[in-house]
Amino acid sequence: MIEVEVFPHRYLKASTTEKFLNKIYDLKTVERVVIHGQPLPKVITYGPARGLPVNHTERKIIHVKGVPMELTVMAGRFWITLSDDSELDKLDAICKEMFPFGYNLKVGKFLKDRPTVTDYLKYGEDGVFLINEMDRRLIGMVDPRSRMANSLTVVEKEEKDE
């Protein structure tokens, strides 16, 4: 397992985020992608206008490998988990093509690999045990204040028989 942080020098529009995600999901070694950035709320949460809708132009539904996904953040950073480093140069080439304004690409450790206290609070002890047994990609992927359906989208990779 290798983790890569792609940090574009600008926030991305929804269309650019969609194109980038579709291109990196074409790579065989991509296992998990986490998008980090400024939140795009549906409603104003505080102040005198609390409860009024926020009509942000970039809160859209994008399609990643045919899976509809509501973009709830302005993409500013991507944490990508690869099974090995064989396609790191391809990832760099995709970034050069998609981000002519510049980007940083860094290899390191960015995501949790063991259950956190928040995981136990969200799923319970039995739920964390099931996640450990079934799909370890879900570890550390919870926001304690959100519903999982609102904050997590699973894009399955099709296996190609060659």
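Since this is a predicted model, take the numbers as computed values, not measurements.

Taken in spatial order, the four strands line up as E2-E5-E1-E6 in an open sheet, and their pairing is antiparallel. On the outer flanks of this sheet lie strand E2 (30–39) and strand E6 (103–108), each paired with one strand and no other. Neighbour-to-neighbour, the strand axes of this sheet turn through a mean angle of 20°, independent of strand direction. As paired strands, E2 and strand E5 (residues 73–82) are joined by nine bridges and run antiparallel to one another. Bridge assignment links His36 to a residue of E5, and that residue is Arg77. Strands strand E1 (2–8), E2 and E5 of the sheet are contacted by helix H1 (residues 14–24), whose axis makes an angle of about 5° with E5. Where helix H2 (residues 88–98) meets the sheet, its contacts fall on E1, E5 and E6, and the angle it forms with E6 comes to roughly 160°.

All buried positions along H2 are accounted for by Leu91, Ile94, Cys95 and Met98. In a view along the axis of H2, the buried residues occupy a sector of 100°, so they form one face of it. Those residues of H2 that are exposed and aimed more than 90 degrees away from the buried face are Asp89, Lys96 and Glu97. Against the buried residues of H2 lie E1, H1, E5 and E6.

How each quantity is defined
- Residues numbered from 1 in each chain as written.
- Predicted model: local features only at pLDDT ≥ 70, side-chain atom pairs only at ≥ 80, totals over all residues.
- Heavy atoms only, no water.
- Pairing = 2+ DSSP bridges.
- Helix = DSSP H or I, 4+ residues; strand = E, 2+ residues; numbered from the N terminus.
- Axes fitted to C-alpha atoms, helices over the stretch in contact; angles between N-to-C directions.
- Contact = heavy atoms within 4.5 Å.
- Buried < 20%, exposed > 50% of the residue type's maximum accessible area, 1.4 Å probe, protein only.
- Arc of directions from axis to C-beta.

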